[in-house]
Amino acid sequence: LTLGLYLRMKKTSTLYFSAYTLSIGLFFSMTDGLFQQTLWPDALTWATGPSIQVMLCALVISGSLFTRQHLNLVKTLPGADQGLKIISIISGSLTPLLLLNVLPGIIPLEFILLLPMVAIMGWASYKLLKNPLVKSKVFGLAQIPLAIGLIANTLSIFIAPQFTFISLAWGLLLQIIILILSESTQLHHATKTESRAAVDALAVQRKAADYLFAEVARRTRDL
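Remember, predicted model here, so these are calculated numbers, not experimental data. (Residues numbered from 1 in each chain as written. Predicted model: local features only at pLDDT ≥ 70, side-chain atom pairs only at ≥ 80, totals over all residues. Heavy atoms only, no water.)

K.L.:
Would you mind going over the overall build of the protein chain with me for this structure?
P.N.:
Helix and strand content of the protein chain: ten helices and zero strands. Each helix (α) and strand (β) of the protein chain, taken in turn from the N terminus, gives the series α-α-α-α-α-α-α-α-α-α. For the protein chain, the proportion of its 223 residues judged to be buried stands at 39%. Partitioning the contacts of the protein chain with sequence separation of at least 6, the portion at a separation of at least 24 is 71%. Within the structure as shown, the protein chain displays about 13000 Å² of accessible surface, and the carbon and sulfur contribution to it stands at 70%. (Helix = DSSP H or I, 4+ residues; strand = E, 2+ residues; numbered from the N terminus. Buried < 20%, exposed > 50% of the residue type's maximum accessible area, 1.4 Å probe, protein only. Contact = heavy atoms within 4.5 Å. Areas by Shrake-Rupley, 256 points an atom, 1.4 Å probe, with all protein chains shown as cover.)

What follows is the structure, given as C-alpha cells:
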C-alpha cells in the first residue's frame, strides 16, 4: 500500500515511508524467527542477534529520513534535522560492525537508537503544530502509540519479558496505520483536486471551441 502511494504521489517522503514500513515488517519477522528459518537455518548465532539488530538500524535510518522529509525539518526545525541525521549516521556506522560480529547482538539498540528517534519525532511534531506549512498533527498523533509501546517495552523487560517485543510491535503497527490513513487521505484530496481542475479545464476548452465555431460561422455569413 505504501509503495502504491509513492507510485501515485511521487513524493520522496512517501518512498521513505514505504522503506520504513518494509523495515518494520522485516524487523518483526526476524524477531519471530520467520526469516531465520528460511534464510539462515544453520546460522543460529547470526540469526538470533546481529540480523535483528541490523534490521533495527535500517528501521531507524528509514524512519529518520521519512521524518526529515515529511516535516521538512531542514527548513522548519534545523536542530531536530541535525539530531535525526546524527542518529542515522550512528545507525549506519553500527551496521557494518554488526554484520562482522564485532559488536555483540545483545546491545539494546531500541533504547540507544529507536528511543531518541521517537523522542525527536514527537518533539518536532509538537513544535510544528502551529506551522501552517507542515501537517504535523496527524504525524504527532502517530507517535503516541509508539511512545507508549516503547515505555511498555521498557517496563516489560523487568516485569514480563515475554511481552517485550509485543508492546513495541503494537506501537509501531498503530503508528504505521495512522500514517497510512493520513497519506491516503492526502492522496484522496489531491485526486479530487486534480479531477476538479481537469473538469474546469475541459469547460474552458469547450467555451473556447464554442466561441471559435461561432466566430467561424459569423465570418462565413459575412463572406
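K.L.:
Just to check I follow, could you spell out the environment of Trp123 for this structure?
P.N.:
Its place among the elements puts Trp123 in helix α8 (residues 109-127). Assessed through its relative accessible area of 43%, Trp123 is described here as partly exposed. Residues Trp123 and Gln143, spaced 20 residues apart in sequence, show a C-alpha to C-alpha distance of 9.7 Å. If sequence neighbours within four positions are ignored, Trp123 has contacts with Leu77 and Ala80.

K.L.:
Help me understand the packing of aromatic side chains in this model?
P.N.:
Any pair of aromatic rings gets described here by the distance separating the centres and the angle formed by the planes. Following the criterion strictly, the structure yields two aromatic pairs and no others. Relative to Phe66, the ring of Tyr20 lies with its centre 6.5 Å away and its plane at 20 degrees, an arrangement referred to as stacked. Taken together, the positions of Tyr20 in helix α2 (residues 12-31) and Phe66 in helix α5 (residues 50-70) put the pair 46 residues apart, joining distant regions of the chain. Comparing Tyr20 with Phe66, the two get one shared label, buried. (Phe/Tyr/Trp six-rings, centres within 6.5 Å; stacked < 30°, edge-to-face > 60°.)

K.L.:
How should the nonpolar core be read in this particular structure?
P.N.:
If you look at soluble globular proteins, the nonpolar side chains tend to sit buried side by side. Judged by nonpolar contacts, the single largest core of 40 residues is most densely connected at Tyr20, Leu73, Leu114, Met117 and Leu172. Broken down by secondary-structure element, the contributors of at least two residues to this core are α2, α5, α7 (78-99), α8, α9 (137-159) and α10 (164-222). Apart from the residues within four sequence positions on either side, Leu114 is in contact with Leu56, Leu59, Val60, Leu109, Leu150 and Leu168. (Core = buried A, V, L, I, M, F, W, Y, C linked by side-chain atoms within 4.5 Å.)

K.L.:
Before we go on, may I ask you to explain the environment of Leu71 in this structure?
P.N.:
Positionally, Leu71 belongs in the loop between α5 and α6 (73-76). For the pair formed by Leu71 and Ser125, sequence separation is 54 residues and the distance between their alpha carbons is 7.8 Å.

K.L.:
Explain the pattern of salt bridges to me, please; I cannot follow it from the model alone.
P.N.:
A side chain with one charge may pair with a side chain of the opposite charge, provided their charged atoms come close. A complete count under the given rule lists two salt bridges for this structure. With a shortest N-O distance of 2.7 Å, Asp81 and Arg68 are connected by a salt bridge. Here the residue Asp81 occupies a position in helix α7, and Arg68 occupies one in helix α5, the gap between them amounting to 13 residues. We note that Asp81, like Arg68, is buried. Of the charged contacts, one joins Asp222 and Arg218 as a salt bridge, the two residues approaching to 3.1 Å between their closest N and O atoms. Residue Asp222 and its partner Arg218 are both found in helix α10; the two are separated by four residues, about one turn of the helix. With relative accessibility at 57%, the residue Asp222 sits in the exposed group. Overall, Arg218 belongs to the partly exposed group, its relative accessible area being 37%. (Salt bridge = Lys/Arg side-chain N within 4 Å of Asp/Glu carboxyl O.)

K.L.:
I tried to follow the packing of α5 against α8 on my own but got confused; where do I start?
P.N.:
Packed helices, taken two at a time, are described by their axes: the angle between them and the distance between them. The contact between α5 and α8 brings their axes to 10 Å, and the two run at 15 degrees. One element, α5, and the other, α8, form an angle in the roughly parallel class. Viewed along their axes, α5 and α8 form a crossing whose handedness is left-handed. Residues Gln53, Leu56, Cys57, Leu59, Val60, Gly63, Ser64 and Thr67 of α5 touch α8, and the partners they reach there are Leu109, Glu110, Leu113, Leu114, Met117 and Met121. Residue classes in the contact of α5 with α8 are distributed as nine nonpolar, four polar and one charged. (Axes fitted to C-alpha atoms, helices over the stretch in contact; angles between N-to-C directions. Parallel < 35°, antiparallel > 145°, perpendicular 65-115°, else oblique. Left-handed = near helix turned anticlockwise from the far one by under 90°. Nonpolar A, V, L, I, M, F, W, Y, C, P; charged D, E, K, R; others polar.)

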